[in-house]
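Structure assessment
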2 protein chains.
Amino acid sequence: MRLAELSERSGVPIATIKYYLREGLLAPGRQLNARTAEYDEDHLRRLRLVRAMIQVGRIPVATVRDVLGHVDDDSLPRTIRMGAALWALPQVPEPDEEDEYVGAAHQVADQLLESLGWSNAQALVTISPSYRSLVVALAALRRLGYDWDPQLLLAYARLMHGAAVLDLDFVETHGSEAERVETAVLGTVLVQPMLQALHRLAQEEESARRYGFE
Amino acid sequence: MRLAELSERSGVPIATIKYYLREGLLAPGRQLNARTAEYDEDHLRRLRLVRAMIQVGRIPVATVRDVLGHVDDDSLPRTIRMGAALWALPQVPEPDEEDEYVGAAHQVADQLLESLGWSNAQALVTISPSYRSLVVALAALRRLGYDWDPQLLLAYARLMHGAAVLDLDFVETHGSEAERVETAVLGTVLVQPMLQALHRLAQEEESARRYGFE
């Protein structure tokens, strides 16, 4: 297809597609002559991914380039590529390991993974940015004077495991035409804003149920 | 208590407390003489709230000032104050009502609230930024060529209602000394980063369970 059709089918304006091409987020089309290039279904799929990361995920262009570098690195096994791609997405700052609250938070996080029986996540603690994000969030709670209730943490973690099962089911039903690594990134980027909106709506609903509009 | 004790009990450096005082995020202490002011438990509680919003929630100072303005506005009923305070927290951009995908997303969102029986949330659709965030997220999905599966949306919404119940339980157990409006803001700000970290960890666990480290 030509650039105009790529724009029409993706809903992305031509000027924006040209910008993504210049920034190297989209591979060049097959050059038919000096002024015309041809694009295929792979371009369309990649364009949707880039668009989702930038517009829905609000991810900076340089980060998108990093993530795509991991997605395209077929020297690595698939699960490692998927991990590397997802881990290149924006994360919270590193925990300060000198901080006493961070040390205590590590213990709480490790105990939580143990209680959950998440042995795969346990195997990844030294390299997973998600684990480090959890430690940062737990340390912040404690620094503010809130104690962690292990039962409450377990309950939250089980809910989020339910969400992860739905995420991966969603990715699998849409994984036929695209590489699964690509759709996993898309799933993470697309689902998180929706989940956050649903969470706040649920808080409003539950709050009004408990306290009314007094 | 003096400034030094306020700093020690909150874990917030003195220079940072002075900055919050200058920015009007913290009320001045009771002036004992030209150089010494006295602070009380209300200051400590407010300082923790401000610190959580800025450091954990990464909320800009101007937005923190807006949120606190609503928290302190006792001309309004409590639920309205709580809503106003939570709604002043950062939100996604407004949906473009001219956009055909936004129109379709409104229908899907309305149908979802109907199926859930969230009558309070339904009563708030014209004013709730959380509802508008949901519409934006749904419109983005559709624009990228993904259809909404109503059953999948229902499943996600029920999980997030479970999280909201835990949130409000958490707020209630910590609501004795502080105003509930304040602790609701704190709960929203503190819980969201932890939930996001747990969500990504759960994705890693579930992904490794399904596909191994191949």
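Small disclaimer: the values here were computed from a predicted structure and weren't measured.

Turning our attention to the overall build of chain A. Check the secondary structure of chain A and you find 10 helices and two strands. From first element to last, N terminus to C terminus, chain A shows the α and β order α-α-β-β-α-α-α-α-α-α-α-α. For chain A, buried positions account for 53% of its 214 residues. Partitioning the intrachain contacts of chain A with sequence separation of at least 6 by distance along the chain shows that 62% fall at a separation of at least 24. Total accessible area computed for chain A in this model is approximately 9800 Å², and 50% of it derives from carbon and sulfur atoms.

Quick look at the packing of helix α2 (residues 14–22) of chain B against helix α3 (residues 41–56) of chain B now. Residue and element names in this part refer to chain B. As a packed pair, α2 and α3 sit with axes 12 Å apart at the nearest point and diverge in direction by 95 degrees. The orientation of α2 relative to α3 falls into the category roughly perpendicular. Together, T16, I17 and Y20 of α2 and L47, V50, R51 and I54 of α3 make up the contact between the two elements. Of the residues assigned to the contact of α2 with α3, the class counts are five nonpolar, one polar and one charged.

Attention now moves to the interface of chain B and chain A. Contact with chain B, which involves 86 residues of that partner, is made by 86 residues of chain A. Both sides together, the interface formed by chain B and chain A hides about 8400 Å², and carbon and sulfur atoms give 65% of it. The interface formed by chain B and chain A contains two salt bridges. The salt bridge involving R210 of chain A is made with D169 of chain B; its shortest N-O contact spans 3.0 Å. Seen at the junction of chain B and chain A, the total is 16 residue pairs in polar contact (both at pLDDT 80 or more).

The subject of this paragraph is the relation of the copies chain B and chain A. Expressed as a screw transformation, the operator carrying chain B onto chain A has a rotation angle of 180 degrees and an axial translation of 0.0 Å, and the superposed copies differ by an RMSD of 0.0 Å. Taken together, the turn and the small shift mark the pair as related by a two-fold rotation axis. Residues of chain B ranked by C-alpha distance from the rotation axis are headed by L159 of chain B, positioned 2.9 Å from it. When you check the interface residues of chain B against chain A, 100% turn up at the interface there too, and the contact is symmetric in its surfaces.

All names here are of chain A. If you walk through the whole model with that rule in mind, you get two aromatic pairs over all chains. Plain terms: the ring middles of Y19 and Y20 are 6.0 Å apart, the flat faces sit at 50 degrees to each other, and that makes the pair tilted. Looking at Y20, the relative accessible area reads 3%, which means it is buried.

In this model, chain A carries an average pLDDT of 83, and 89% of its residues clear a pLDDT of 70 or more. By mean pLDDT, helix α5 (residues 78–87) of chain A is the weakest element of chain A at 68, and helix α2 (residues 14–22) of chain A is the strongest at 95.

The final tally for this structure, using the stated rule, is 16 salt bridges over all chains. A salt bridge links D72 of chain A to R46 of chain A; the shortest N-O distance between them is 2.8 Å. Highlighted residues: D72 of chain A in the loop between α4 (61–71) and α5 and R46 of chain A in helix α3 (residues 41–56), separated in sequence by 26 residues. Taking the shortest distance from any N to any O, the salt bridge between R209 of chain B and E205 of chain B comes out at 2.7 Å. Here R209 of chain B and its partner E205 of chain B are both found in helix α10 (residues 180–211), four residues apart, which amounts to about one turn of the helix. When its relative accessible area of 42% is taken as the criterion, R209 of chain B is described as partly exposed.

So, about the environment of S115 of chain B. Note on placement: S115 of chain B falls in helix α6 (residues 100–116). Each C-alpha atom of the pair S115 of chain B and Q151 of chain B lies 9.9 Å from the other, and the pair is 36 residues apart in sequence.

Residue and element names in this part refer to chain A. Running from amino to carboxyl end, helix α1 (residues 3–10) crosses α2 at an angle of 105 degrees, the nearest separation of the two axes being 9 Å. Considering the angle they form, α1 stands roughly perpendicular to α2. Of α2, the residues touching α1 (which contributes L3, A4, L6, S7 and S10) are I14, I17 and K18. Here the residues of the contact of α1 with α2 are counted per class, giving five nonpolar, two polar and one charged.

Moving on, we come to helix α8 (residues 129–143) of chain B. Residues and elements named next belong to chain B. Between the first and last C-alpha of α8 there are 21 Å, a value that for 15 residues agrees with the 21 Å anticipated at 1.5 Å per step. In terms of burial, α8 is a largely internal element, 11 of the 15 residues being buried. Along α8, the residues classified as buried are P129, S130, Y131, S133, L134, V135, A137, L138, A139, A140 and L141. If you check the start of α8, you find a side-chain oxygen 3.1 Å away from the backbone N of S130, and it comes from S128. Looking at the residues trailing α8, positive phi occurs at G145, about 95 degrees.

Residues and elements named next belong to chain A. Across three bridges, strand β1 (residues 30–33) lies against strand β2 (residues 36–38) in antiparallel orientation. Each residue of the ladder has a partner; that of Q31, found in β2, is A37. Hairpin connection between β1 and β2: a loop of two residues separates the two successive antiparallel strands.

What counts and what doesn't
Residues numbered from 1 in each chain as written. Chains lettered and ligands numbered in written order. Predicted model: local features only at pLDDT ≥ 70, side-chain atom pairs only at ≥ 80, totals over all residues. Heavy atoms only, no water. Helix = DSSP H or I, 4+ residues; strand = E, 2+ residues; numbered from the N terminus. Buried < 20%, exposed > 50% of the residue type's maximum accessible area, 1.4 Å probe, protein only. Contact = heavy atoms within 4.5 Å. Areas by Shrake-Rupley, 256 points an atom, 1.4 Å probe, with all protein chains shown as cover. Axes fitted to C-alpha atoms, helices over the stretch in contact; angles between N-to-C directions. Parallel < 35°, antiparallel > 145°, perpendicular 65-115°, else oblique. Nonpolar A, V, L, I, M, F, W, Y, C, P; charged D, E, K, R; others polar. Buried area = accessible area lost by both parts, 1.4 Å probe. Salt bridge = Lys/Arg side-chain N within 4 Å of Asp/Glu carboxyl O. Polar contact = N/O pair within 3.5 Å; in protein donor to acceptor, adjacent residues only side chain to side chain. Least-squares fit on C-alpha atoms with pLDDT ≥ 70 in both. Phe/Tyr/Trp six-rings, centres within 6.5 Å; stacked < 30°, edge-to-face > 60°. pLDDT = per-residue confidence, 0-100. Expected span 1.5 Å × (residues − 1). Pairing = 2+ DSSP bridges.

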